[in-house]
Amino acid sequence: MLTEMERFDLNSIDAAFIENPHPTLHWLREHSPVHRNADGSVYLTRHADVLKVYQSRDMLSDKQEEFGKKFGRCPLYTHHTTSLIFNDPPYHTVVRKLISGAFTPRKLAIFEPLIDGIVDRLLDHVEDLGELDLIDDFAKTLPTEIISFMLGIPEEYRSRLRGYSLAILGALDPVVPQDRLDEGNKAVEEFGEILNDLIDHRRKNPDGAHEGEVLEALIFGEHDGRRLTQEELVQNCIFLLNAGHETTTSFVGNSIGLLFDNPDQHRMLQDDPELITSAVEEFLRVESPLQIGNRLAGEDIELSTGTLPKGTYIHTSIAAANRDPAVFEDPDRMDITRKPNKHIAFITGIHVCLGATLARVEGRIAIGKLVKRFPNLRPNGPRTRVPLARFRGYASLPVRVD
Ligand code: HEM
């Protein structure tokens, strides 16, 4: 007779797992680190195994087959199979090279004062409100503004972006009801229309880009003599919005939630604001905004429990790897001074997050300034989680600052 833990299946997780996956993840890491799901896929929970998968060139990201079965032919299928994240070289290399141009140290230097300004403006608004939802009234606005700036998205469309992002990413959860698929398809279509218009406009006005604009580099940039097609442009711009938006919103919200749960660490950060640099790494480790990744084994791979055959579909638990006691002492304890901190919230290998530096700067400025400016920052009622297993964040986080 199998125990409840032995029967665990990533494709049929419940609300308790979403609320707190760590008791299950600890058990799996210790007793079943290469855990088999009923559909034949495996779920990896050890840091060393997860790292090995990400560092291997033979572990593939292409999802045409999986998404074909999951979505059928529809806008969500086109979107996810055209985004660089779900592709392998050579297409992945072309898109990544073009997008990388937007994340050079010179470009990022443009963003720092911009982020400072946006955060100061948002904090004035927070002060006026006194009582607020930290997600709606603060955390979600910063990444929307940054991505909108990068893509040149006009003001009037910006309030819709988080809805699009959640609808499109929500369709990536292991189990997705039909209404969520419908919302995801509608979001790809609507956002696609906006971007098609913006791209057409920029093509007709090639010299109209403002400083730091990414769209221009994506439209006119070339790698190995190849430019992106209109469809590739649209879908990768939607992806940039999603990649940089939900994760950063969750990063800021999760960090404040963690400070509320660990008042001693909150006080430490208030007393020594310089700790923000190591604190953001610890927030990313303890509550990683992206918790689960996927690869298809293109060749056999040797893991801690033996060889996994070519053709195996792999789920990596970034969340479990980041609390592996083999790498992190006392892994469930949040320690904002932790050093070294070899978390893999941004993974590693050829798909390593392109926005990691930008996200760190956004987090440092947003969380650092919020904590410093409002010594009375405190919870104001129950928080609710985004009901997804892959993305960990709060749907609402009521706070008071007065
Ligand atoms: C705390 C915030 C963030 C976290 C935790 C995060 C995490 C990740 C992770 C884990 C991946 C790899 C996924 C995989 O291949 O399985 C990834 C990829 C990516 N991220 Fe981020 N990300 C964050 C913010 C951002 C931002 C702000 C941007 C840009 C505006 C961004 C752009 C990208 C891009 C373009 C990729 C695809 C890279 C590739 O496939 O080569 N991310 N991110």
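Computed from a prediction, not measured in an experiment: that's the story for all the values here.

1. A closer look at the site of the ligand
Near the ligand lie 26 residues; those nearest to it are His92, Arg96, Arg295, His351 and Cys353. Arg96 places a side-chain nitrogen or oxygen 2.7 Å from an oxygen atom of the ligand. Residue Arg295 places a side-chain N or O atom 3.0 Å away from an oxygen atom belonging to the ligand. Those elements that place two or more of their residues in the shell around the ligand are α6 (91-100), α13 (230-261) and α17 (356-373).

2. Details of the sheet that holds strand β9 (residues 378-379)
Read from one edge to the other, the open sheet built from three strands follows the order β4-β12-β9, with strand pairing classed as antiparallel. The sheet terminates laterally at β4 (131-133) and β9, the two strands that pair on one side only. Pairing of β9 with strand β12 (residues 398-400), which is carried by two bridges, proceeds in the antiparallel orientation. Residue pairing for β12: Arg378 is matched across the bridge by Arg400.

3. A few points about the sheet that holds strand β3 (residues 59-60)
The five strands are arranged β1-β2-β8-β5-β3 in an open sheet whose pairing can be described as mixed. One side of each edge strand has no neighbouring strand; the edge strands of this open sheet are β1 (34-36) and β3. Where strand β5 (residues 292-297) and strand β8 (residues 313-317) come together, five bridges link them in antiparallel fashion. Bridging from a neighbouring strand, Leu296 pairs with Tyr313 of β8.

4. Structural notes on empty space enclosed by the protein
Per the counting criterion, the structure on display carries one cavity of 30 Å³ or more. The calculated volume of the largest cavity comes to roughly 90 Å³. Lining the largest cavity are Phe17, Ile18, Pro21, Leu25, Tyr43, Gln291, Ile292, Ser317, Ala319, Leu388, Ala389 and Arg392.

5. Considerations on the packing of helix α7 (residues 105-129) against helix α9 (residues 141-151)
Taken N-terminus to C-terminus, the directions of α7 and α9 make an angle of 140°; their axes are 10 Å apart at the nearest point. By the angle class used here, α7 and α9 are oblique. Of the two elements, α7 crosses α9, and the hand of that crossing is right-handed. The segment α7 lies against α9, with Phe111, Leu114, Ile115, Ile118, Val119, Arg121 and Leu122 engaging Thr141, Leu142, Glu145, Ile146, Phe149 and Met150. Within the contact of α7 with α9, the residues separate by chemical class into 10 nonpolar, one polar and two charged.

6. Observations concerning the coordination of the iron atom of the ligand
Of all protein atoms, Cys353 (SG) alone acts as a donor to the iron atom of the ligand, lying 2.3 Å away. By the secondary structure assignment, Cys353 is in the loop between α16 (318-321) and α17.

7. Section: the nonpolar core
In this structure, Ile115, Phe138, Phe191, Ile256, Phe283 and Ile367 are the most contacted members of the largest nonpolar core, which totals 97 residues. Here the element with the most residues in this core is α13; it accounts for 13 residues. The residues contacting Ile367, other than those within four sequence positions of it, are Phe251, Val252, Ser255, Ile256, Ile276, Val280 and Phe283. One finds Val34, Ala297, Ile314 and Ala321 within the second-largest nonpolar core, a separate group that totals 16 residues.

8. A word on a negative patch on the surface
A cluster of acidic residues, Asp58, Glu299, Asp300 and Glu302, forms a negative patch on the protein surface. Note that Glu299 resides in the loop between β5 and β6 (301-303).

9. Regarding the pairing of β8
Most of β8 is tucked away: five of the five residues are buried. Pairing between strand β2 (residues 42-44) and β8: three bridges, direction parallel. Within β8, the position partnered with Leu44 by the bridge is Thr316.

10. Some remarks on the environment of His22
Along the chain, His22 turns up in helix α2 (residues 22-31). Judged by its relative accessible area of 6%, His22 is buried. Between the alpha carbons of His22 and Ala320 there is a distance of 7.2 Å; along the sequence they are 298 residues apart. Beyond its immediate sequence surroundings of up to four residues, His22 is in contact with Val286, Ala319 and Arg323.

11. With respect to the side chain of His266
Tracing the chain through its elements places His266 in helix α14 (residues 263-271). Setting aside chain neighbours within four positions, we find His266 in contact with Leu259, Phe260, Val371 and Leu377.

12. Structural notes on the layout of surface pockets
Reported here for the second largest pocket is a volume of approximately 250 Å³. Residue lining of the second largest pocket: Glu4, Met5, Arg7, Phe8, Asp9, Ser12, Ile13, Asp14, Ala16, Phe17, Asn20 and Thr24, and that is the complete set. Partitioning the lining of the second largest pocket into residue classes produces five nonpolar, three polar and four charged.

About the criteria used
Residues numbered from 1 in each chain as written. Predicted model: local features only at pLDDT ≥ 70, side-chain atom pairs only at ≥ 80, totals over all residues. Heavy atoms only, no water. Near = heavy atom within 4 Å. Polar contact = N/O pair within 3.5 Å; in protein donor to acceptor, adjacent residues only side chain to side chain. Helix = DSSP H or I, 4+ residues; strand = E, 2+ residues; numbered from the N terminus. Pairing = 2+ DSSP bridges. 1 Å grid on protein atoms, 1.4 Å probe; cavity = no way out; pocket = protein on both sides within 12 Å on 5 of 7 lines; lining within 4 Å. Points joined across faces, edges and corners; volume = space filled by probe spheres on them. Axes fitted to C-alpha atoms, helices over the stretch in contact; angles between N-to-C directions. Parallel < 35°, antiparallel > 145°, perpendicular 65-115°, else oblique. Left-handed = near helix turned anticlockwise from the far one by under 90°. Contact = heavy atoms within 4.5 Å. Nonpolar A, V, L, I, M, F, W, Y, C, P; charged D, E, K, R; others polar. Donors = N, O, S within 2.8 Å, 3.2 Å for Na, K, Ca; no water. Core = buried A, V, L, I, M, F, W, Y, C linked by side-chain atoms within 4.5 Å. Buried < 20%, exposed > 50% of the residue type's maximum accessible area, 1.4 Å probe, protein only. Patch = residues over 30% accessible without salt bridge, like charges linked within 9 Å, V, L, I, M, F, W, Y side chains within 5 Å. Areas by Shrake-Rupley, 256 points an atom, 1.4 Å probe, with all protein chains shown as cover. Salt bridge = Lys/Arg side-chain N within 4 Å of Asp/Glu carboxyl O. Lys, Arg positive; Asp, Glu negative; His and termini not counted. Charge placed at Lys NZ, Arg CZ, Asp CG, Glu CD.

Any link to function would need more than the numbers given here.
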